[in-house]
Amino acid sequence: MTIATVPGLPAPGRCLVMGVVNVTPDSFSDGGAWFDPEKAVAHGLDLVAEGADIVDVGGESTRPGAQRVSRDEELRRVVPVIEALTDENVPVSVDTMRAEVAEAALDVGARLVNDVSGGLADPQMPQVVATAGVPYVVMHWRGHSHDMQSRAVYEDVVREVRDELLSRVDAVLAEGVDPSMIVLDPGLGFGKNPVAGHNWSLLAHLDALTALGYPVLVGGSRKNFLTRLLAEPDGTRRPFLECDDATVAVTSLAAAAGAWCVRVHRVRPNADAVRVAAAFRAARPAD
Ligand SMILES: Nc1nc2ncc(COP(=O)(O)O)nc2c(=O)[nH]1
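So, how was this worked out
Residues numbered from 1 in each chain as written. Predicted model: local features only at pLDDT ≥ 70, side-chain atom pairs only at ≥ 80, totals over all residues. Heavy atoms only, no water. Helix = DSSP H or I, 4+ residues; strand = E, 2+ residues; numbered from the N terminus. Polar contact = N/O pair within 3.5 Å; in protein donor to acceptor, adjacent residues only side chain to side chain. Contact = heavy atoms within 4.5 Å. Near = heavy atom within 4 Å. Areas by Shrake-Rupley, 256 points an atom, 1.4 Å probe, with all protein chains shown as cover. Nonpolar A, V, L, I, M, F, W, Y, C, P; charged D, E, K, R; others polar. Axes fitted to C-alpha atoms, helices over the stretch in contact; angles between N-to-C directions. Parallel < 35°, antiparallel > 145°, perpendicular 65-115°, else oblique. Left-handed = near helix turned anticlockwise from the far one by under 90°. Expected span 1.5 Å × (residues − 1). Bend = angle between axes of the 7 residues up to and from the residue. Buried < 20%, exposed > 50% of the residue type's maximum accessible area, 1.4 Å probe, protein only. Pairing = 2+ DSSP bridges.

Overview of the side chain of Thr-251
Item 1. Tracing the backbone shows Thr-251 in helix α9 (residues 244-256).
Item 2. Of the polar contacts made by the side chain of Thr-251, one reaches the side chain of Asn-270; its length is 2.6 Å.
Item 3. Excluding residues within four positions of it along the chain, Thr-251 makes contact with Val-262, Val-264, Asn-270, Ala-273 and Val-274.

Structure, rendered in C-alpha cells:
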C-alpha cells in the first residue's frame, strides 16, 4: 500500500502534515491570531519546528457566510508572509481561489496552489498552475461561502463529490495541468450538511477518492462536524479551539485510509498521528 506522491514535495512514506497559517481577521477558528505578518511568519516557522511538511498560507476566510476580500487586500496579506517563509526554505502552499494571487505567491516561492474552488472561482487559475508546473489542490466546492451551505443537498454525497471532482479534473487537465500535479480534496465543511452526516460519509469512504489514483488532501481541522459531534447534552457546541484532539483522531483515520496529506491548525499531535497511521498501514497486508 503506497501513498501517492506529488513531484517536488516531500515523499516520506507517510501522510504529510500541512500546517495552517490564516492571515485573516475572521477565519472561523483562529481568525485574527496571525493577521499580523510578523506573527504569521513566526507561527509558520513554529509549525515547521513542530513537524509540518508544508505551511498553507491563506488571506481570505472561507468560513460559511464570509464575504470576499478584494484581490489587493488578499495580495497584501499573503505575499509578504509567503516570501518571508520561503526565504527560510519553508515549503509553502498558497490557499487562494484567485489566479493573480496564486501567480504572485508562486513568484515569491510558493510551491503549491491550494484552490478550495477547484478552479471554479477563477477560470484563469488552471492556466497559471499549468504554466508554473506546480502541484494543485482541487477541492470539492459548490460556491462561495456566503451561500455555499444552501447547496449542501445530495442524493449520494460520496458519489456526487467524486463525480464533481472528476469533472473538475477533466477541466483542469484540458487547460494543461499535468495529471501528476493534481491533488483531490473532498472539501469537508464546504457545501456539506453536518446534520446530514455528509462529512462523516466522505471520511468513511475516502477510498472512493484515493482509488482514483490522485493524492488526497483532507482538511477536517476544528470544523463544524466536530463541534457538533462533541456538543454538550444541552446542544451547546464544543468550541472550535477545543476540537484539536478530535482533529487528531480524524487525522489518524484519514491517514490510515491512505490520505496524502492532512491540513491542520495544531501540527505536533497530528505529526505524531500520521506516524502512528503509517506504522498501522505497514503492518497490514497490501490491500
Ligand atoms: N484544501 C483545503 N483548503 C482549505 N482551506 C481552508 C479551509 C477552511 O478552514 P480554515 O478557515 O480553518 O483554514 N479548509 C480547507 C480544506 O478543507 N481543504
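Some remarks on the site of the ligand
Item 1. Neighbouring the ligand are 16 residues, the closest being Asp-95, Asp-185, Lys-223, Arg-263 and His-265.
Item 2. Asn-114 has a polar side-chain atom sitting 2.8 Å from a nitrogen atom of the ligand.
Item 3. One of the side-chain nitrogen or oxygen atoms of His-265 is found 2.7 Å away from an oxygen atom of the ligand.
Item 4. In isolation the ligand has 410 Å² of accessible area, and contact with the protein removes 98% of it.
Item 5. Those elements that place two or more of their residues in the shell around the ligand are β1 (16-22) and β5 (136-139).
Item 6. Counted by class, the shell around the ligand contains 7 nonpolar, 5 polar and 4 charged residues.

Considerations on the packing of helix α3 (residues 99-107) against helix α4 (residues 125-132)
Item 1. Between α3 and α4, the shortest axis-to-axis distance is 8 Å and the interhelical angle comes to 20°. Comparing their axes, α4 and α3 come out roughly parallel. As for how α3 packs across α4, the hand of that crossing is right-handed. For the pair formed by α3 and α4, the contact residues are Ala-99, Ala-102, Glu-103 and Leu-106 on the first element and Met-125, Val-128 and Ala-132 on the second.
Item 2. The class makeup of the residues in the contact of α3 with α4 is 6 nonpolar, no polar and 1 charged.

Considering the packing of α9 against helix α10 (residues 268-282)
Item 1. Orientation of α9 relative to α10, taken along the N-to-C sense of each, is 30°, at an axis distance of 8 Å. With respect to α10, the element α9 is oriented roughly parallel. The handedness of the crossing between α9 and α10 is right-handed. Across the interface between the two elements, Thr-247, Val-248, Thr-251, Ser-252, Ala-255 and Ala-256 of α9 pack against Pro-269, Asn-270, Ala-273, Val-274, Ala-277, Phe-280 and Arg-281 of α10.

Observations concerning helix α2 (residues 71-87)
Item 1. Given a rise of 1.5 Å per residue, 17 residues ought to cover 24 Å, and the 24 Å separating the end C-alpha atoms of α2 matches this to within 8%.
Item 2. Largest kink in α2: about 25°, centred on Val-78, with the proline Pro-80 one to four residues after it.
Item 3. Considered for burial, the residues of α2 that qualify are Glu-74, Arg-77, Val-78, Val-79, Val-81, Ile-82, Leu-85 and Thr-86.
Item 4. Each element contacted by the buried residues of α2 is listed here: α1 (37-50), β2 (54-58), β3 (92-95) and α3.
Item 5. Asn-89 occupies a position one or two residues after α2 and carries a positive phi of about 60°.

So, the sheet that holds β1
Item 1. Within the open sheet, the 8 strands sit side by side as β6-β5-β4-β3-β2-β1-β8-β7. Their pairing is parallel. Here the strands that pair on one side only, and so sit at the sheet edges, are β6 (182-185) and β7 (217-218).
Item 2. Looking at chain direction, strand β4 (residues 112-115) and β5 are connected through 3 bridges and run parallel. Of the residues in β5, the one forming a bridge with Asp-115 is Val-138.
Item 3. Here α1 sits on the sheet and contacts β1 and β2; the angle it forms with β1, its principal contact strand, is near 165°.
Item 4. Along the sheet, α2 makes contact with β2 and β3, crossing β2 at roughly 160°.

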